[in-house]
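Summary of the model geometry
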Amino acid sequence: MDYKKSGVDIEAGYKAVELMKQHVKKTMRPEVMGGLGGFSGAFAMDKFMTMKKPVLLSGTDGVGTKLKVAFLMDKHDTVGIDCVAMCVNDVACAGGEPLFFLDYIACGKNEPEKIASIVSGVAEGCLQSGAALIGGETAEMPGFYPVDEYDLAGFAVGIADEADLITGKDIKAGNVLIGISSSGVHSNGFSLVRNVFKMTEESMSTYYESLGKTLGEALIAPTKIYVKALRSVKEAGVRVLGCSHITGGGFYENIPRMLPDGISAVVRKDSYEIPAIFNMLKTDGDIEEKIMYNTFNMGVGMVLAVNEEDADKTIAAVKAAGENAFVLGHTAAGEKCTIIE
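Note that this is a predicted model, so its numbers are computed, not measured.

**Details of the overall build of the protein**
- Helices and strands together make up the secondary structure of the protein, namely twelve helices and 14 strands.
- Relative to the compact-globule value of 20 Å for 341 residues, the protein shows a C-alpha radius of gyration of 21 Å, a close match.
- Of all 341 residues assigned to the protein, the portion counted as buried reaches 51%.
- The long-range fraction of contacts in the protein, counting pairs at least 24 apart against all pairs at least 6 apart in sequence, stands at 85%.

Here you go:
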C-alpha cells in the first residue's frame, strides 16, 4: 500500500504545479519577493510607506454552487475569475487596492490539466484586478469529494490610506446612488438557479434568442471585477461616500451595509434595463419580485453613493474604465433599509 493506491497522486500534484506556473507568472508585481514553491508568499511594503496611515484590507470567498454549472459544461477556465472577483471587489468597495491573492482548490482527483485550467482563470482575475497570485493550495481528497468535482475558494489582501477608506459614515439624504452593471448572475443564488433550470447538458447547450447565447454561457459568465472602475472614479477626483458589492442577499441585504443609521436607499427599478437572464429566472421559477431582489444582483454588481454634483463625473469615469453605469436612485431620511419602487 502507498499514497497513490489510497487515492492521492503526488506526481499529478507536481505536474499541476508545473502547468500552472505559466499563468501565475503573468500576475507578478514588483513587490513580490521570491519565486513559486515556497511555504509562504512574501510581499514588500516599501512602496506604501509614504501613506500617512496605511490600513490592510482583506476579503475571502468562494464560487459556491456555480461550480456545478462548470462541472456540467466541463468548462473550468472562468470560475477562477469568479473566485478572485468575489474577494477583490469587497476590498475595492472599501477603498482598497488589491495587492495579492491566494487560492485553495480541493478536489476528489487531481487532474493536472483541469487544475491548471482553473488556475488560469484565477490568474486572469488577478490580472484584471492588479493583484499578484503569490500562493495557493491544491488538496486531493479522495473519498471526500467525487473524483470529477472540486471546490474553489480564496482570499485577497489590499491596502488603503485611512483617509481614503470608504465607510459610508458621511452619506446623507439626497445623495445619488450610481449602479454599475453586472455581467449576469455572478456567483450568488445558484442554489435557486439550479432549482429553476434543468441541470443537463442539453439544457445548458440550448440557445435562447432573448439571451443571445446558450443558457450555459449566460450562467457561467464570470463575475465582473470592479477594481479598475473604482480606481477611475477616484482618479477623477470623486469622493465615493459609500460602496456596496451586490452579492448574496441582493439589494435588500447589501445596500444597507454601506448606510449610516437614519438613512434609507431608494432604488428605482425602472432606471436601467434588467438583463434577460433574470427575467427568465423570475418567469420560469415563478419567483416573487421581492425574492429576486433579495437573492440576485438583478444586473447591478456595485452601487456607489456620491454627492449629487459628482453623479455625472462618476458615470463618465466608470464608462472610461470600460463598464456601464447609471443613476440607480437616491438616499433619503428614514430607517436604514432598501426601498425599491
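That covers the picture; the talk isn't over yet.
**Description of empty space enclosed by the protein**
- Counted under the stated rule, the structure contains one cavity of 30 Å³ or more.
- Here the largest cavity defines a volume of roughly 40 Å³.
- If you go around the largest cavity, the residues you meet are Cys107, Lys109, Glu111, Lys114, Ile115, Val147, Asp148, Glu149 and Tyr150.
- When grouped by side-chain class, the residues that make up the lining of the largest cavity number four nonpolar, no polar and five charged.

**Observations concerning the side chain of Asp310**
- Within the secondary structure layout, Asp310 lies in the loop between β12 (300-306) and α12 (311-320).
- Look at Asp310: it is buried, it has no salt bridge, and the nearest opposite charge is Lys313 at 4.4 Å.
- Excluding residues that lie within four positions of it along the chain, Asp310 makes contacts with Val238 and Arg239.

**Points about the state of the cysteines**
- Within this structure, the stated rule accounts for zero disulfides.
- Of the cysteine sulfurs around Cys87, a residue in no disulfide, the closest is that of Cys83, at 5.3 Å.

**Considerations on the layout of surface pockets**
- Roughly 920 Å³ of internal volume is contained in the largest pocket.
- Around the largest pocket, the lining comprises 36 residues; the ones closest to its centre are Val17, Gly37, Gly136, Glu137 and Thr138.
- Going through the elements one at a time, α1 (10-25), β1 (32-33), β4 (97-107) and β5 (132-140) are the ones with two or more residues in the lining of the largest pocket.
- Examining the composition of the lining of the largest pocket, we find that nine residues originate from one element, α1, more than from any other.

**What to know about helix α4 (residues 112-129)**
- Here α4 spans 26 Å end to end across 18 residues, near enough to the 26 Å set by a 1.5 Å rise per residue.
- With 13 of 18 residues buried, α4 lies mostly within the body of the structure.
- Positive backbone phi, at 80°, marks Gly130, one or two positions downstream of α4.

**Observations concerning the sheet that holds strand β13 (residues 325-333)**
- Here we have six strands laid out as an open sheet, ordered β10-β12-β7-β13-β11-β14, and mixed in their pairing. The sheet terminates laterally at β10 (242-245) and β14 (338-340), the two strands that pair on one side only. Sheet twist, expressed as the average angle between the axes of neighbouring strands with direction ignored, equals 25°.
- Here strand β11 (residues 263-267) pairs with β13 via five bridges, running antiparallel. Each residue of the ladder has a partner; that of Val267, found in β13, is Gly329.

**Considering the pairing of β12**
- Most of β12 is tucked away: seven of the seven residues are buried.
- By the bridge criterion, six bridges tie strand β7 (residues 176-181) to β12 in an arrangement that is antiparallel. Residue pairing in the sheet places Gly179 in a bridge with Val303 of β12.
- Taken together, the four bridges between β10 and β12 define a ladder with antiparallel strand orientation.

**Focus: the pairing of β4**
- Counting buried residues in β4 gives eight out of eleven residues, a clear majority hidden from the surface.
- As paired elements, β4 and strand β6 (residues 150-161) share ten bridges and run antiparallel to each other. Residue Leu102 lies in a different strand from β6, and its bridge partner there is Phe155.
- Here β4 runs beside β5; their pairing, made up of eight bridges, is parallel. Within β5, the residue paired with Tyr104 across the bridge is Glu137.

**Observations concerning the packing of aromatic side chains**
- Scanning the model with the defined rule gives six aromatic pairs in all.
- The interplanar angle of 65° and the centroid separation of 5.2 Å between the aromatic rings of Phe144 and Tyr145 together place this pair among those described as edge-to-face.
- Over the aromatic face of Tyr252 sits the side chain of Lys290, whose NZ or CZ is 5.6 Å from the ring centroid.

**Here we look at the sheet that holds strand β3 (residues 54-62)**
- Strand order in the open sheet formed by four strands is β3-β6-β4-β5, with mixed pairing between adjacent strands. Either end of the sheet is taken by a strand with one partner, and the two such strands are β3 and β5. Ignoring strand direction, the axes of neighbouring strands in this sheet form an average angle of 15°.
- Summarising the sheet, β3 and β6 pair through nine bridges and their orientation is antiparallel. Looking across to β6, one finds that Leu56 is bridged to Ile159.

Calculation criteria
Residues numbered from 1 in each chain as written. Predicted model: local features only at pLDDT ≥ 70, side-chain atom pairs only at ≥ 80, totals over all residues. Heavy atoms only, no water. Helix = DSSP H or I, 4+ residues; strand = E, 2+ residues; numbered from the N terminus. Rg over C-alpha atoms; globule rule 2.2 N^0.38 Å. Buried < 20%, exposed > 50% of the residue type's maximum accessible area, 1.4 Å probe, protein only. Contact = heavy atoms within 4.5 Å. 1 Å grid on protein atoms, 1.4 Å probe; cavity = no way out; pocket = protein on both sides within 12 Å on 5 of 7 lines; lining within 4 Å. Points joined across faces, edges and corners; volume = space filled by probe spheres on them. Nonpolar A, V, L, I, M, F, W, Y, C, P; charged D, E, K, R; others polar. Lys, Arg positive; Asp, Glu negative; His and termini not counted. Salt bridge = Lys/Arg side-chain N within 4 Å of Asp/Glu carboxyl O. Disulfide = S-S within 2.5 Å. Expected span 1.5 Å × (residues − 1). Pairing = 2+ DSSP bridges. Axes fitted to C-alpha atoms, helices over the stretch in contact; angles between N-to-C directions. Phe/Tyr/Trp six-rings, centres within 6.5 Å; stacked < 30°, edge-to-face > 60°. Lys NZ or Arg CZ within 6 Å of the ring centre and 35° of its normal.

What is shown is where atoms sit, not what they do.
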